[in-house]
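Structural characterization, general
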Amino acid sequence: MMKFKPNQTRTYDGEGFKKRAACLCFRNEREDEVLLVSSSRYPDQWIVPGGGLEPEEEPGGAAAREVFEEAGVKGKLGRLLGVFEQNQARKHRTYVYVLTVTEVLEHWEDSVNIGRKREWFKIEDAIKVLQCHKPVQAEYLEKLKLDCSPTNGNTVVSSLSDSNSIYVTSSQTSVMPSTVR
C-alpha cells in the first residue's frame with residue numbers, strides 16, 4: 001500500500017503501519033556515543049535519524065540512505081536492534097539498526113537544504129534528550145542497554161520477514177526474544 005505526497009511516496013505494511021527505518025549511529029564499536037540530528041520540524045530538538053521506506057526498498061538500505069541524507073554519515077550497517085511501533089495516530093513501524101560510522105561528511109544534503117545539525121551524545125544523555133519529545137526513540141537506546149552487546153555484530157541484515165522481527169510498542173516493558181541478532 002502506498003500514499004503519494006509531493007516529492008515522496010509513503011509505504012505501508014498490511015496492517016496500515018507506515019514503514020520506516022532508522023539507525024543508531026555510533027562513533028565506534030564500543031557503542032558508547034550515538035549521533036543525533038536536529039529535527040526538521042523542531043530544530044531545537046534532537047532525534048534519531050530515520051524516515052520512510054521507498055517502494056521496493058529493504059529496511060536496511062532505507063536506514064543507511066536516511067542517515068546519509070539526514071546525518072551526513074556512512075558506516076558499517078550492523079544488527080537489527082528491533083522493530084518499534086508507535087500506535088497513536090501516527091501508526092509507524094520502524095526498523096532500527098545499529099551502524100558504526102566510518103565516514104563523516106563536512107556538508108550533507110539536510111545540512112545544506114534545511115540547516116540540520118548533528119551532535120554526538122553519551123547514551124545516557126541521549127536517552128534524557130529523547131525522553132521528553134521522542135519517547136519511542138529513547139526506547140531504542142534503552143533496548144540497546146538491555147542487550148548489553150559490546151560490539152556491532154558486523155552482520156548486515158538485508159531483508160526480514162515479520163516472523164523474524166522484534167516488535168516493541170511504547171506500552172511494553174519487556175521485549176520478546178527473537179531469532180534476529
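Residues numbered from 1 in each chain as written. Predicted model: local features only at pLDDT ≥ 70, side-chain atom pairs only at ≥ 80, totals over all residues. Heavy atoms only, no water.

**With respect to the overall build of the chain**
As a reminder of what qualifies: The way it works is that DSSP assigns letters per residue, a run of H or I at least four long becomes a helix, a run of E at least two long becomes a strand, and they are numbered from the N terminus. Only protein chains enter the accessibility calculation, which uses a 1.4 Å probe; a residue whose area is less than 20% of its type maximum is buried, one above 50% is exposed, and one in between is partly exposed. Residues count as neighbours in contact if any of their non-hydrogen atoms are within 4.5 Å of one another. All accessible-area figures derive from a Shrake-Rupley calculation using a 1.4 Å probe, and residue coverage is judged against the displayed protein chains alone.
For the chain, the count of helices and strands is 4 helices and 10 strands. Sequence-ordered secondary structure for the chain, helices as α and strands as β, is β-β-β-β-β-β-α-β-β-α-β-α-α-β. By the burial criterion, 48% of the 181 residues in the chain qualify as buried. Put simply, of all contacts in the chain between residues at least 6 apart along the chain, 67% involve residues at least 24 apart. With the model as given, the accessible surface of the chain reaches about 9,400 Å², and the carbon-plus-sulfur share is 50%.

**Some points on the state of the cysteines**
Between two cysteines, a covalent bond joining their sulfur atoms is known as a disulfide. Quick reminder of the rule: Here, two cysteine sulfur atoms that lie within 2.5 Å of each other are counted as a disulfide.
What the rule picks out here adds up to 0 disulfides. Cysteine C23 is unpaired, with the sulfur of C25 as its nearest cysteine sulfur at 5.2 Å. Judged by relative accessible area, which is 0%, C23 ranks as buried.

**Thoughts on the pattern of salt bridges**
Quick reminder of the rule: We count a salt bridge whenever a side-chain nitrogen from Lys or Arg sits within 4 Å of a carboxyl oxygen from Asp or Glu.
Applying the stated rule across the entire model yields 14 salt bridges. The partner of R65 in a salt bridge is E66, with the nearest N and O atoms 3.0 Å apart. In this structure E66 comes out as buried when scored by relative accessible area, which is 7%. One network of salt bridges, with partners in common, ties together E54, E57, R65, E66 and E69.

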